Amino acid sequence: MTITAAMVKELREMSGAGMMDCKNALMEADGDMDKAGEVLREKGLAKAVKKSGRIAAEGLVSLKVSDAGDKAVAVEVNSETDFVAKNEKFRTYVSMVADQALDTPAMDVEAFLEEPWQAAPEKTVTAELAVQIALIGENIKNRRVDRLEEPEGFIAPYTHMGGKIGVLVDVKTDVINDEIKEMAKNLAMQVAALRPQYTDRSEISEEFIAHEEEILRAQIMNDPKESQKPEKVIEGIIKGRVNKELKEICLMDQIYVKAEDGKQTVSQYVDQVAKDTGADIMVKGFIRFETGEGIEKKQEDFAAEVAAQMAGN
């Protein structure tokens, strides 16, 4: 029997299993939807499906850098509880996901999940995920993958809070030594602590700035005192406030956290290191992952997590 895309889609929606797992199950069941569902259950995927609706907002960020330092990857794998996030079995699995992601040609998580699992190519990444869910007993999600490549320099990693935050910084440079590596690590720590949204102002669109100016203008117009000021003064206030905001959200404009005078910007710090080392240095970008950011988390205490683990939930 011919297995159609519509059949695969229907089984995937019913089961929550991966596309290739559904296709293989349908082929094994000769197109019988009910039997294909049983095949998935027999392979342990049904148990994963039962748990897939639970909120997975804890977990771990893992970073991997190539031996040459010219490429790196950040992955976030979520679990339901911090208890499991600290489990060695879970941490080993996350490390294996990062190892595979470092070399994957996949451009997004969806494509990555359909790849053969490197440690056992006969099954997909999704199928291995289902095995891990069954073994660990919690919903687990390979949430996101991002990577950097820098053939004319190196990528510096920094992990904070045992894997709660992971940062990669892309540094283009014609000199690589301990001082420049230390600079890159310091910048990664800056990104972890101060959460910049952009590397520098060149990444910010005119539309974003215009939108911020519009909001600020509305705020001024709603203020009885400020709205009475001359237009030229109002424009100056708006430009000043936008500039202040950009200094907070652009890495290179931020005050360097280790600055002795409390005034040196990150850009000035990089320029100083470049001068001291005789190097041509450019900070091209960064990746910052924080576990669970943007996910609504359940409120549970540690005792409840332990109880849940002992109950096998």
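Residues numbered from 1 in each chain as written. Predicted model: local features only at pLDDT ≥ 70, side-chain atom pairs only at ≥ 80, totals over all residues. Heavy atoms only, no water.

A. Molecular detail of the overall build of the chain. From N to C terminus, the chain includes 13 helices and 8 strands. Within the chain, buried positions represent 45% of all 313 residues. In the chain, the share of contacts with a sequence separation of at least 24, taken over all contacts with a separation of at least 6, comes to 63%. Accessible area for the chain stands at about 16900 Å²; split by element, carbon and sulfur atoms hold 51% of it. (Helix = DSSP H or I, 4+ residues; strand = E, 2+ residues; numbered from the N terminus. Buried < 20%, exposed > 50% of the residue type's maximum accessible area, 1.4 Å probe, protein only. Contact = heavy atoms within 4.5 Å. Areas by Shrake-Rupley, 256 points an atom, 1.4 Å probe, with all protein chains shown as cover.)

B. How the structure looks around empty space enclosed by the protein. Evaluated as defined, the whole model comprises 1 cavity of 30 Å³ or more. Approximately 30 Å³ is the volume attributed to the largest cavity. Lining the largest cavity we find T104, A106, M107, D108, V109, F112, V145 and R147. Elements with a minimum of two residues in the lining of the largest cavity: α7 (109-113) and β5 (141-149). Across the lining of the largest cavity, the residue classes break down as 5 nonpolar, 1 polar and 2 charged. (1 Å grid on protein atoms, 1.4 Å probe; cavity = no way out; pocket = protein on both sides within 12 Å on 5 of 7 lines; lining within 4 Å. Points joined across faces, edges and corners; volume = space filled by probe spheres on them. Nonpolar A, V, L, I, M, F, W, Y, C, P; charged D, E, K, R; others polar.)

C. Representation of the pairing of strand β6 (residues 153-160). When β6 meets strand β7 (residues 165-173), the two strands line up antiparallel, connected through 8 bridges. Directly across from F154, in β7, lies its bridge partner V171. (Pairing = 2+ DSSP bridges.)

D. Expanded view of the side chain of E150. By the secondary structure assignment, E150 is in the loop between β5 and β6. Judged by its relative accessible area of 0%, E150 is buried. Within the structure, the side chain of E150 is placed 3.0 Å from the side chain of K284, a separation counted as a polar contact. Not counting residues within four places of it along the chain, the set of residues in contact with E150 comprises D70, I155, D170, V171, K172 and K284. (Polar contact = N/O pair within 3.5 Å; in protein donor to acceptor, adjacent residues only side chain to side chain.)

E. Region of the structure containing the nonpolar core. Within the largest apolar cluster, 27 residues are counted, with the highest numbers of intra-cluster contacts made by M183, V270 and I281. Excluding residues that lie within four positions of it along the chain, M183 makes contacts with V171, Y269, V270, V273 and I281. With 24 residues, the next largest nonpolar core counts L102, V109, F112 and L113 among its residues. (Core = buried A, V, L, I, M, F, W, Y, C linked by side-chain atoms within 4.5 Å.)

F. Just helix α9 (residues 178-194), in detail. When the terminal C-alpha atoms of α9 are compared, their 24 Å separation across 17 residues agrees well with the 24 Å that a helix rising 1.5 Å per residue should span. Residues of α9 that are buried: I180, M183, A184, N186, L187, A188, Q190, V191 and A192. Here the buried face of α9 lies against β6, β7, α12 (266-277) and β8 (281-290). For α9, the capping residue at the N-terminal end is N177, with a side-chain oxygen 3.2 Å from the backbone nitrogen of E179. (Expected span 1.5 Å × (residues − 1).)

G. Inspection of the sheet that holds strand β2 (residues 71-79) at higher detail. Taken together, the 3 strands give an open sheet; going across it, the order is β1-β2-β5, and neighbouring strands pair in antiparallel fashion. In this open sheet, the two strands that pair with only one neighbour each are β1 (58-65) and β5. Strand after strand, the sheet turns through a mean of 15 degrees between neighbouring axes, direction not considered. Contacts from helix α6 (residues 88-103) reach β1, β2 and β5, with the element oriented near 145 degrees to β2. (Axes fitted to C-alpha atoms, helices over the stretch in contact; angles between N-to-C directions.)

H. Looking closely at the environment of V257. The topology assignment puts V257 in the loop between α11 (231-249) and α12. The exposure class assigned to V257 is partly exposed, which follows from its relative accessible area of 47%. Taking C-alpha positions, V257 is 6.6 Å from Q190, a pair spaced 67 residues apart along the chain. With near-sequence residues (within four places) excluded, V257 lies in contact with Q190 and L194.

I. Region of interest: the pairing of β7. In terms of burial, β7 is a largely internal element, 8 of the 9 residues being buried. Hairpin connection, β6 to β7: the antiparallel pair is bridged by 4 residues, and M161 has positive phi, about 55 degrees. The sheet contact formed by β7 and β8 spans 9 bridges and is antiparallel. Looking at β8, one finds that K172 is bridged to M282.

J. Representation of helix α2 (residues 19-28) within the structure. Turning to α2, its buried residues are D21, C22, A25 and L26. Axial view of α2: buried residues confined to an arc of 130 degrees, hence all on one face. Looking at α2, the residues exposed on the side facing more than 90 degrees away from the buried face are M27 and E28. Count one or two residues on from α2 and you reach D30, which has phi positive near 55 degrees. (Arc of directions from axis to C-beta.)

Keep in mind that these numbers describe shape and distance, not what the molecule does.
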